[in-house]
Amino acid sequence: MAISNQVIFFDTTLRDGEQSPGCTMNFGEKLRIAHQLELLGVDVIEAGFPASSQGDFDSVQAIARQAGDKIQICGLARCTERDIRRCWDAVKVAKNPRIHTFLSTSELHMKYKLRKDPETVLKMISEYVSLASSLTPNVEFSCEDASRSDRDFLCRACENAIQAGATTINLPDTVGYAQPAEYIELLDYVIKNTPSAGKAIFSVHCHDDLGLGVANTLAAFRVGVRQAEVTLCGIGERAGNASLEEVAMALRVRKDYYGLESGIQTEKLYPSCRLLSMIIGQPIPNNKAIIGANAFAHESGIHQDGMLKNRQTYEIMTPQTVGRAESNLVIGKHSGRNAVKSKYESLGYKLSEEQIATVFEAVKDLADRKKTIFDEDLLALIQEKLYRAPDSFRLRHVSVSSSDAGGVPPTAAVLMDVDGIEKSGAGFGVGPVDAVFNVIADMVGREPELKQYAVNAITGGTDAQGEVTVRLADKGFSAVGRGAHPDIIVASAKAYVNALNHLVQAEKEGRRVHAQLDDGEEAGA
Ligand code: KIV
Ligand code: ZN
């Protein structure tokens, strides 16, 4: 097979990303991310690990069902008959389904994790890849812990997988151990010494334990690898995976060096990452490449002077290329419905008339309270208004009083709907936020543990909206909630109620913190 100059973007935000701590998503949120990934132009979505739980099976199947005809939908499966058949049952409704099966090939993993000898592992690869190929011609095989595997054994493993029908061979740096030059030497060796290598596309999947996930991924293109397994914002096991936005922008900005193409619509990178960040409730660090608040900020006088003379002095890409356009369209009190609609389109969201109607009211309401509405405010708003789970609890009003006088504890009064019934309550706390949370918990009859509380100013300025993230845990279930409001106490109350709603949903869906398999084995790969 002649090596093409097209890089296949395989996104595993919903599998490797979602299985990492703090990145859990509910059914609706996964569908929303999958839709956004499709708009972003990824080639393959790894939608989940169907054998790990009924919840994962259902979401992979729903994503497969909603996917269009240009994208491939993939599920992960261990080398067992049940996993492979379960995976196929979930993805087969997609127009372009893929089964991704994997088995460890390093001595360490074979001996201690699999407790199998290398010859048995080779036989299993043939057997289970054949089973997968009997179901679909689109099969990927991963040699787990490839970067720490013996190179000649890897060639035999890859040959068996290709002979059994695998069309994509992934050689992951599972533990983020490889160094770029060493890694590509291994990849080059395997590609050159696997007799049937020409019949498959080679792929990499690089973890970021030493901060080299993106560097290893990019280096791999130099030796003919043409699939990159990546995630939005680099989320994933431990330190995460190579980040999609960084790999995509390196290919675009340094096209002179790589000479490669991709289908990624880079203008949708920022809205996509921002959506993920809002859904999982993890703020994007300010200094994060491509999408961080400071990625295009020029602070020092020398840099500013250079920028004014010629932007290229200190800017290797424009904010517009990654979807951070400072559009001329300013949204405020007097903006009409069409302006709001086009503004969202410029941010990468094509909203239906019904969605516009919902959002438009909320934009007007915000404009009454806040002078300048930034893109970030608009993005926070659609997350809150359009992509939230159906609510069991709804906050109506909250009021707090706090004082530094000894003996007068902060007090909160709350009015909210609990399962459709309007209720009011009041109480105390060690601080105003604590008082609000105590009252709400009391009103809904729960005592969840507060695992995380974070406040982030969405934009600059004293009238900036505060975005609060709350993580709650209760009886083995965990959920994240977010709320945005110029008053951070109100934002906190909204986030707490939102987290409670997500908790109820997680319980309904039976989505525990870590999905357990029937045999008690942990589901994470
Ligand atoms: O890190 C890894 O090796 C994986 C495989 C399942 C591809 O996630
Ligand atoms: Zn991984």
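Residues numbered from 1 in each chain as written. Chains lettered and ligands numbered in written order. Predicted model: local features only at pLDDT ≥ 70, side-chain atom pairs only at ≥ 80, totals over all residues. Heavy atoms only, no water.

Engineer: Explanation requested: unusual backbone geometry in the structure shown.
Structural biologist: Most peptide bonds take the trans configuration, and most residues that are not glycine carry a negative phi. Within the chain, I290 stands out as a residue other than glycine whose phi angle is a positive 70°. For I290, a relative accessible area of 7% corresponds to the buried category. Look at D419: it is not a glycine, yet its phi comes out positive at around 50°. Considering the arrangement of structural elements, one finds D419 in the loop between strand 10 (411–418) and strand 11 (421–428). For D419, a relative accessible area of 56% gives the class exposed. (Buried < 20%, exposed > 50% of the residue type's maximum accessible area, 1.4 Å probe, protein only. Helix = DSSP H or I, 4+ residues; strand = E, 2+ residues; numbered from the N terminus.)

Engineer: Looking at this structure, how should I read the packing of helix 8 (residues 180–193) against helix 9 (residues 213–221)?
Structural biologist: Any two packed helices are characterised by the angle at which their axes cross and by the distance between the axes. Packing of helix 8 against helix 9 leaves a shortest axis separation of 9 Å and a crossing angle of 40°. Considered as vectors, helix 8 and helix 9 are oriented oblique to each other. Crossing angle aside, the handedness with which helix 8 passes helix 9 is right-handed. For the pair helix 8 and helix 9, the contacting residues are P180, Y183, I184 and L187 in the first and A215, N216, A219 and A220 in the second. Grouping the constituent residues of the contact of helix 8 with helix 9 by class yields 7 nonpolar, 1 polar and no charged. (Axes fitted to C-alpha atoms, helices over the stretch in contact; angles between N-to-C directions. Parallel < 35°, antiparallel > 145°, perpendicular 65-115°, else oblique. Left-handed = near helix turned anticlockwise from the far one by under 90°. Contact = heavy atoms within 4.5 Å. Nonpolar A, V, L, I, M, F, W, Y, C, P; charged D, E, K, R; others polar.)

Engineer: How do you make sense of the packing of aromatic side chains when you look at a structure like this?
Structural biologist: For any two aromatic rings, the description comes down to two numbers: the centre-to-centre distance and the angle of the planes. Here the structure, examined in full by the defined rule, presents 3 aromatic pairs. Look at F437 and Y453: their rings are 6.0 Å apart centre to centre, the planes differ by 70°, and that puts the pair in the edge-to-face class. Placement of F437 in helix 17 (residues 432–444) and of Y453 in strand 12 (residues 449–457) is noted, with a sequence separation of 16 residues between them. Of the residues examined, Y453 reaches a relative accessible area of 32% and is grouped as partly exposed. F437 sits in the buried class, given a relative accessible area of 6%. An aromatic cluster is defined as three or more aromatic residues linked by ring pairs; in this entry it consists of F437, Y453 and Y496. One residue, R148, lies across the ring of Y177, its end atom 6.0 Å from the ring centre. Lying across the ring of Y270, R324 places its NZ or CZ 4.7 Å from the centre. (Phe/Tyr/Trp six-rings, centres within 6.5 Å; stacked < 30°, edge-to-face > 60°. Lys NZ or Arg CZ within 6 Å of the ring centre and 35° of its normal.)

Engineer: When you look at the domain arrangement of the protein in this model, what are you seeing that I'm missing?
Structural biologist: Often, the extent of an interface is quoted as the loss of accessible area on bringing the components together. Parsing the protein into structural domains produces domain 1 (8–280), domain 2 (301–385) and domain 3 (393–509). Using C-alpha coordinates to define each centre, domain 1 is positioned 38 Å away from domain 3. Listed per partner, the contact involves 8 residues of domain 1 and 8 residues of domain 3. For the pair domain 1 and domain 3, the summed buried surface comes to about 640 Å²; carbon and sulfur atoms form 33% of the total. (Domains from an automatic or database assignment. Buried area = accessible area lost by both parts, 1.4 Å probe.)

Engineer: Which parts of the structure should I look at to understand the sheet that holds strand 12?
Structural biologist: The pairing of strands in a sheet comes from backbone hydrogen bonds and takes either a parallel or an antiparallel form. The antiparallel open sheet is built from 3 strands, whose spatial order is 12-13-14. Taken across any chain shown, the strands that pair with only one partner, and hence form the sheet edges, are strand 12 and strand 14 (477–485). Between one strand axis and the next, the sheet turns by 15° as a mean value, whatever way the strands run. Here strand 12 pairs with strand 13 (residues 466–474) via 8 bridges, running antiparallel. (Pairing = 2+ DSSP bridges.)

Engineer: Can you walk me through the packing of helix 14 (residues 337–346) against helix 15 (residues 353–369) in this structure?
Structural biologist: Axis separation between helix 14 and helix 15 bottoms out at 10 Å; the angle between their running directions is 105°. On the basis of their axis angle, the class for helix 14 and helix 15 is roughly perpendicular. Along the contact surface, helix 14 presents R337, V340, K341 and Y344, while helix 15 presents E353, I356, A357, V359, F360 and V363. Classifying every residue of the contact of helix 14 with helix 15 by side-chain character gives 7 nonpolar, no polar and 3 charged.

Engineer: Any chance you could explain the coordination of the zinc ion (ligand 2) here in plain terms?
Structural biologist: Reference geometry at the metal: tetrahedral coordination by four donors gives ideal angles of 109.5 degrees; octahedral coordination by six donors gives 90 or 180 degrees. Taken together, the protein ligands of the zinc ion (ligand 2) are D16 (OD), H205 (NE2) and H207 (NE2), with distances of 2.0 to 2.1 Å. Each donor residue of the zinc ion (ligand 2) lies on one chain, and together they are spaced D-x188-H-x1-H. Of the two residues, D16 is situated in helix 1 (residues 13–17) and H205 in strand 7 (residues 201–205); the sequence distance between them amounts to 189 residues. Across the pair, exposure class does not vary: D16 and H205 are buried alike. (Donors = N, O, S within 2.8 Å, 3.2 Å for Na, K, Ca; no water.)

Engineer: Help me out: how do you make sense of empty space enclosed by the protein in this one?
Structural biologist: To find leftover empty space, a probe the size of one water molecule is rolled over the atoms. Counted under the stated rule, the structure contains 4 cavities of 30 Å³ or more. Roughly 80 Å³ of volume is contained in the second largest cavity. Around the second largest cavity, the lining is made up of 10 residues, and of these A380, Q383, E384, R482 and G483 lie nearest the centre. Those elements that provide at least two residues to the lining of the second largest cavity are helix 16 (375–386) and strand 14. Tallied by class, residues from the lining of the second largest cavity come to 3 nonpolar, 3 polar and 4 charged. Viewed by domain, the lining of the second largest cavity spans two of them, domain 2 (301–385) and domain 3 (393–509), each represented by three or more residues. (1 Å grid on protein atoms, 1.4 Å probe; cavity = no way out; pocket = protein on both sides within 12 Å on 5 of 7 lines; lining within 4 Å. Points joined across faces, edges and corners; volume = space filled by probe spheres on them.)

Engineer: What is the right way to look at the site of ligand 1 in this model?
Structural biologist: All residues adjacent to ligand 1 are R15, D16, H100, F102, S142, E144, N170, P172, T174, H205 and H207. Contact between ligand 1 and D16: an oxygen atom at 3.1 Å from a side-chain N or O atom of the residue. Contact with the protein chains removes 99% of the 260 Å² of surface that ligand 1 exposes when unbound. Looking at the shell around ligand 1 residue by residue, the class counts come to 2 nonpolar, 6 polar and 3 charged. (Near = heavy atom within 4 Å. Polar contact = N/O pair within 3.5 Å; in protein donor to acceptor, adjacent residues only side chain to side chain. Areas by Shrake-Rupley, 256 points an atom, 1.4 Å probe, with all protein chains shown as cover.)

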